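# Survey of secondary and tertiary structure
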Amino acid sequence: MLQSLRLRLGMIGATMLLALREIRRHLLRSFLTTLGIIIGVAAVITMVTLGQGLTADVQEQVSGLGSDVFIVFPQQADPNVAPPPFDEADIRAVENQIAGIENTAGSVSTNVTAFHNGQDWSTSLEGADGEFFAAQSIDVIEGREFNAEEESRGESVCIVGPKVVEEIFVADRVIGEQMRVGNVSCQVVGVIDERSNSVGGGDANDVVFMPLKTVQRRFIGNADNVQFFVVKYDPAYETSVIQQQLIDLLRERRVIQDGEDNDFNIVDTAEINDTVNTVTGTMTAVVTMIAAISLLVGGIGIMNIMLVSVTERTREIGIRLAIGALAREVRLQFLMEAVVLCCFGGLIGILLALGLSIVLAGVADLPFIFDPAVNILSFVFSAIMGIIFGYYPAHRASRLDPIDALRHE
Amino acid sequence: MSEAPLIELEGITKTFGEGAAAFQALKGVNLTIERGDFVAVMGPSGSGKSTTMNILGCLDVPTSGRFRFRGVEVQDLSRDQRSLLRRRYLGFVFQGFNLLARTSALENVELPLLYRGESKRMRREAAERSLDLVGLLRWADHTPAELSGGQQQRVAIARALVTDPDVLLADEPTGNLDTERSVEIMELLTELNARGITVLMVTHEAEMAEFAKTIVHFRDGLVERIDRGSRSAHAMQESV
C-alpha cells in the first residue's frame with residue numbers, strides 16, 4: 001500500500017518534471033498559449049480586489065459620517081434651478097417636531113488658506129457646532145470643543161485636524177496658538193482625532209473647524225443658511241418612518257405642492273453602503289463574465305496547443321507505449337503538462353493582478369486589500385481549467401496505437 | 001518455471017481492414033521459440049514478418065490463433081496488461097532508433113525504469129551500467145543529435161536492456177547503418193544472446209541473419225522455412 005503510494009507519487013513527480021521541461025522547450029508558445037488564462041485570472045482578481053477596496057473605502061467614509069445618520073441637502077430635480085438653502089429654523093423645526101431624533105446640526109464649508117509660523121496650507125474650513133461633532137462622531141483629543149458662548153457669538157476660535165497640525169504647526173505647540181484662516185485671525189482651542197473620510201470625500205484630517213456662526217458671517221457672508229445638515233436618530237425608531245416624517249415636514253416648510261418633486265435630498269448612510277455594494281457587485285459580475293469568456297477562450301487555446309503537441313510528439317508517445325507505459329501514464333503526462341501550463345498562467349495572472357491592483361488602487365486612491373481566498377481560488381480554478389481542457393488531448397494521446405505512433409513521421 | 005517454450009504461436013492470422021478492402025497479412029503462422037534462442041526473421045516486404053514481430057512484441061493482437069508467452073495467453077490480455085508484459089519482459093530496438101530527441105542518452109536509457117517506478121538513484125545506476133555494456137558510458141550526457149547512427153542504435157539497445165528483459169525484439173536494427181556499424185551491432189546482439197537474452201530480429205539482410213542461431217523465412221503471410229544451426233559462433237571467430 002505504502003509502496004504503491006510512493007510509486008505513484010514518484011510517477012507524478014517525474015511527469016511534472018517532464019511537463020516543466022516540455023514547457024521550457026517551447027517557452028514562447030507556452031506563454032502565448034496561457035495568455036487567455038493570464039488575462040482572465042488577472043481581470044477577475046484585479047476587479048475583486050479593487051471592488052473590495054472601494055467597498056471598504058466607502059464603508060470607512062460612511063462610518064466617518066456616523067451611523068444612524070441622515071444627511072439632508074438642497075437639491076433640485078432641474079440642475080439649472082438653484083434650490084433654496086436650508087437655514088437654522090429648518091434645523092430647529094426638525095429637531096423639535098420629529099420624534100426619535102437625537103440631534104441635528106447644520107454645516108457650511110469653504111476652501112481656505114491657513115497661515116501659521118510663516119507657513120501656509122490650503123485646507124477646508126467647516127462651520128460646526130457641538131451637535132455636529134456629536135452627530136458625526138468627531139472626537140477632540142487635545143484641547144476642547146467650542147463652548148456655548150463662542151458658538152452663539154460666532155467667535156474666532158478654531159479646532160484643527162491632524163493633517164493641518166502636521167503641515168504648519170510644531171507638535172505640542174498647538175493649543176492656544178494664533179493662526180490666520182483666510183483674512184480671519186483665530187485661536188486654536190482643540191485638535192481632533194485622526195478619522196476616516198469626510199462627507200465630501202478627500203482627507204477628513206485636513207480640516208479646520210470654526211463655530212458655524214463664525215463661518216456663516218465671516219466667510220460665507222450669510223448669517224443663517226447652511227449647506228447641509230445632519231440628523232442623528234435613535235436606532236430604536238424605524239428609519240423609514242423618521243425619513244418620511246422628515247420629508248413631510250420639509251415639504252411643508254418649503255411649501256412644495258402635492259405632485260411637485262422635492263427640492264432637497266436625504267441620504268441615509270446605510271443606503272450609501274447598500275448602493276456601493278450593489279454597484280461593486282454588478283461590476284464584479286460583469287468583469288467575471290468577461291473573464292469567464294477569456295478563460296474559455298484561453299482553455300480552448302490550451303486544448304488546441306495540447307492537440308498540436310500530441311501530434312508533434314506522436315512518435316515519442318509510441319516509444320513510451322512500446323517500452324511499456326500504460327495508457328493512464330501517458331494520459332497523466334499530457335494532463336500534467338496542461339495543468340502545469342494553466343497553473344503557470346494562473347500564477348502569472350495572480351502576479352499581474354497584484355501589480356495592477358496596487359497601481360490602480362494608488363491611482364484611484366483606494367485602499368489595497370489583498371484577499372488570499374480570491375487568489376487561491378483563481379489558482380485552483382486555473383488548475384481545473386488545465387484538467388478540463390487538457391483531458392481530451394491527453395486522452396487522445398493515451399489511445400494512440402503504438403505501432404502507428406512509432407511509424408509516424 | 002515450467003518447461004513450456006518461451007514463445008508459442010499457433011495458427012496466428014491477422015487481417016487488416018474490412019470487407020472488400022480486407023487484407024490478410026498472416027494466414028496461420030505456427031512458430032515456437034525457445035528460451036536463449038537468437039532468431040532472425042526474414043522475408044520480402046509484405047510477407048508478414050513485421051506483423052509477426054508486432055504480435056510477438058505484444059504491440060498488436062492476432063485476429064485469430066493463440067500466442068502464448070511464458071505460458072500466458074497474450075491474445076486474451078487487455079491493452080494495459082500487454083503494456084505491463086512489455087515493461088517487464090520485453091526490450092525493443094527499432095530501425096529508426098526511436099530515441100527521444102533533445103534528451104540525453106542516459107535519460108533515454110532511464111525511461112523504461114521510470115515506468116517501473118524505480119528510485120532516481122537506482123535508475124541512474126542501472127542506466128549507467130547498461131550504457132557501459134554497449135560501450136557508451138562516456139557519451140551519457142549527449143543527446144541523440146550529437147551521436148552517430150551506430151551510437152544511437154547502441155543507446156537504443158542499452159535502453160532495451162536496462163530492464164533486464166527476457167526477450168530483445170529488434171526490428172531491422174541495422175537498416176539505417178553502414179556495414180561496419182551493422183556488424184558492430186550484430187556482435188553486440190550476439191554477445192547479449194550469449195548472456196542469456198533471447199533475441200528476435202527482423203532483417204532483410206542475409207549477412208546480418210547469419211549471426212542468428214535460427215532463421216525463419218516468411219512468405220505470403222506464412223512461415224516458409226526454418227533454418228537451424230548456428231553460424232554466430234563462426235561469425236564471432238571470424239571477427240576476432
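Residues numbered from 1 in each chain as written. Chains lettered and ligands numbered in written order. Predicted model: local features only at pLDDT ≥ 70, side-chain atom pairs only at ≥ 80, totals over all residues.

With that out of the way, let us pick up the overall build of chain B. Helices and strands together make up the secondary structure of chain B, namely 8 helices and 10 strands. Expected size for 240 residues packed as a compact globule is a radius of gyration near 18 Å; at 18 Å, chain B falls within 12% of this value. With respect to the principal axes defined by its C-alpha atoms, chain B has extents near 50 × 40 × 40 Å. Burial statistics for chain B: of 240 residues in total, 48% are counted as buried. Pairs at least 24 residues apart make up 69% of the contacts formed inside chain B by residues separated by at least 6 positions. (Helix = DSSP H or I, 4+ residues; strand = E, 2+ residues; numbered from the N terminus. Rg over C-alpha atoms; globule rule 2.2 N^0.38 Å. Buried ≥ 20, exposed ≤ 12 C-beta atoms within 10 Å, placed from the backbone. Contact = placed C-beta atoms within 7 Å.)

What follows covers the overall build of chain A. On a plain count of helices and strands, chain A comes out with 13 helices and 12 strands. Relative to the compact-globule value of 22 Å for 409 residues, chain A shows a C-alpha radius of gyration of 33 Å, a clear excess of over 25%. Each principal axis of the C-alpha atoms in chain A carries an extent, and together these give about 100 × 55 × 45 Å. The burial tally for chain A puts 40% of its 409 residues in the buried class. In chain A, the share of contacts with a sequence separation of at least 24, taken over all contacts with a separation of at least 6, comes to 83%.

What follows deals with the packing of helix H3 (residues 105-114) of chain B against helix H5 (residues 149-161) of chain B. All names here are of chain B. Where H3 contacts H5, the axes come no closer than 7 Å and their chain directions differ by 30°. Between H3 and H5, the crossing angle belongs to the class labelled roughly parallel. The interaxial crossing formed by H3 with H5 has right-handed handedness. Residue-level contacts link Ala-105, Asn-108, Val-109, Leu-111 and Pro-112 of H3 to Val-155, Ala-158 and Arg-159 of H5. Of the residues belonging to the contact of H3 with H5, the class tally is 6 nonpolar, 1 polar and 1 charged. (Axes fitted to C-alpha atoms, helices over the stretch in contact; angles between N-to-C directions. Parallel < 35°, antiparallel > 145°, perpendicular 65-115°, else oblique. Left-handed = near helix turned anticlockwise from the far one by under 90°. Nonpolar A, V, L, I, M, F, W, Y, C, P; charged D, E, K, R; others polar.)

Attention shifts here to the pairing of strand E6 (residues 90-93) of chain B. Residues and elements named next belong to chain B. Of the two faces of E6, both are covered, the one formed by Leu-90 and Phe-92 as well as the one formed by Gly-91 and Val-93. Of the strand pairs in this sheet, E6 and strand E7 (residues 167-171) are connected by 4 bridges, and their pairing is parallel. Following the sheet pairing, Val-93 is matched in E7 by Ala-170. (Pairing = 2+ DSSP bridges.)

What follows deals with helix H10 (residues 314-322) of chain A. A large share of H10 of chain A lies buried, amounting to 7 of its 9 residues. On its buried side, H10 of chain A packs onto helix H11 (327-363), helix H12 (372-398) and helix H13 (402-407) of chain A together with helix H2 (79-89) and E6 of chain B.

All names here are of chain B. Pairing in this open sheet of 6 strands is mixed, and the strands run E6-E7-E8-E3-E9-E10 from one edge to the other. In this open sheet, the two strands that pair with only one neighbour each are E6 and strand E10 (222-228). Pairs of neighbouring strands in the sheet enclose a mean axial angle of 20°, with direction left out of account. Here helix H6 (residues 179-194) sits on the sheet in contact with strand E3 (38-42), E7 and strand E8 (198-202), set at roughly 150° to E8.

Looking now at the sheet that holds strand E5 (residues 72-73) of chain B. Residues and elements named next belong to chain B. With antiparallel pairing, 4 strands are arranged side by side in an open sheet as E2-E1-E4-E5. Since the sheet does not close on itself, it has two edges, and those belong to strand E2 (23-33) and E5, each with one partner. Looking at chain direction, strand E1 (residues 7-16) and E2 are connected through 8 bridges and run antiparallel. Its bridge partner lying in E2, Thr-13 is registered against Lys-27.

Here we take up the confidence of the model for chain B. Chain-level statistics for chain B give a pLDDT mean of 89 and a share of 94% at 70 or above. Reported confidences for the modelled complex are a pTM of 0.71 and an ipTM of 0.89. (pLDDT = per-residue confidence, 0-100.)

To continue, consider the interface of chain A and chain B. Facing the 19 residues of chain A at the interface are 19 residues of chain B. If you list the elements that add at least two residues to the side of chain A that touches chain B, you get helix H1 (2-25), H10, H11 and H13 of chain A. Residues that form the side of chain A that touches chain B fall into these classes: 13 nonpolar, 2 polar and 4 charged.

We now examine the environment of Phe-379 of chain A. Relative to the helices and strands, Phe-379 of chain A is located in helix H12. Not counting chain neighbours up to four residues away, the residues in contact with Phe-379 of chain A comprise Cys-343, Gly-346, Leu-347 and Ile-350 of chain A.

A few words now on the nonpolar core. In this structure, Ala-338 of chain A together with Val-39, Val-41, Val-199, Leu-200 and Met-201 of chain B are the most contacted members of the largest nonpolar core, which totals 119 residues. The leading source of residues in this core is helix H2 (residues 27-65) of chain A, at 14 residues. Those residues in contact with Val-39 of chain B that lie beyond four places of it in its chain are Ile-33, Val-199, Leu-200, Met-201, Ala-212, Thr-214 and Val-216 of chain B. Judged by nonpolar contacts, the second largest core, of 51 residues, contains Phe-70, Val-112, Ala-114 and Phe-219 of chain A. (Core = buried A, V, L, I, M, F, W, Y, C linked by C-beta atoms within 7 Å.)

Residue and element names in this part refer to chain A. Note on placement: Val-191 falls in strand E8 (residues 184-192). On the neighbour-count criterion, Val-191 (18 C-beta atoms within 10 Å) is partly exposed. On a C-alpha basis, the gap between Val-191 and Val-207 in space is 10 Å, while along the polypeptide they are 16 residues apart. Non-local contacts of Val-191, meaning those with residues more than four positions away in its chain, are made with Val-140, Ile-141, Glu-142, Gly-143, Ile-159, Val-160, Pro-162, Val-165 and Val-174.

Turning our eyes to something else, we now look at the packing of helix H9 (residues 269-312) of chain A against H11 of chain A. Packed helices, taken two at a time, are described by their axes: the angle between them and the distance between them. Residue and element names in this part refer to chain A. Two elements in contact, H9 and H11, have axes whose closest approach is 11 Å; the angle formed by their N-to-C orientations is 140°. One way to sum up the angle between H9 and H11 is to call them oblique. Like other packed secondary-structure pairs, H9 and H11 cross with a definite hand, here right-handed. In contact with Ile-302, Met-306 and Val-310 of H9, H11 contributes Phe-334, Ala-338, Leu-341 and Cys-342. Residues of the contact of H9 with H11, tallied by class, amount to 7 nonpolar, no polar and no charged.

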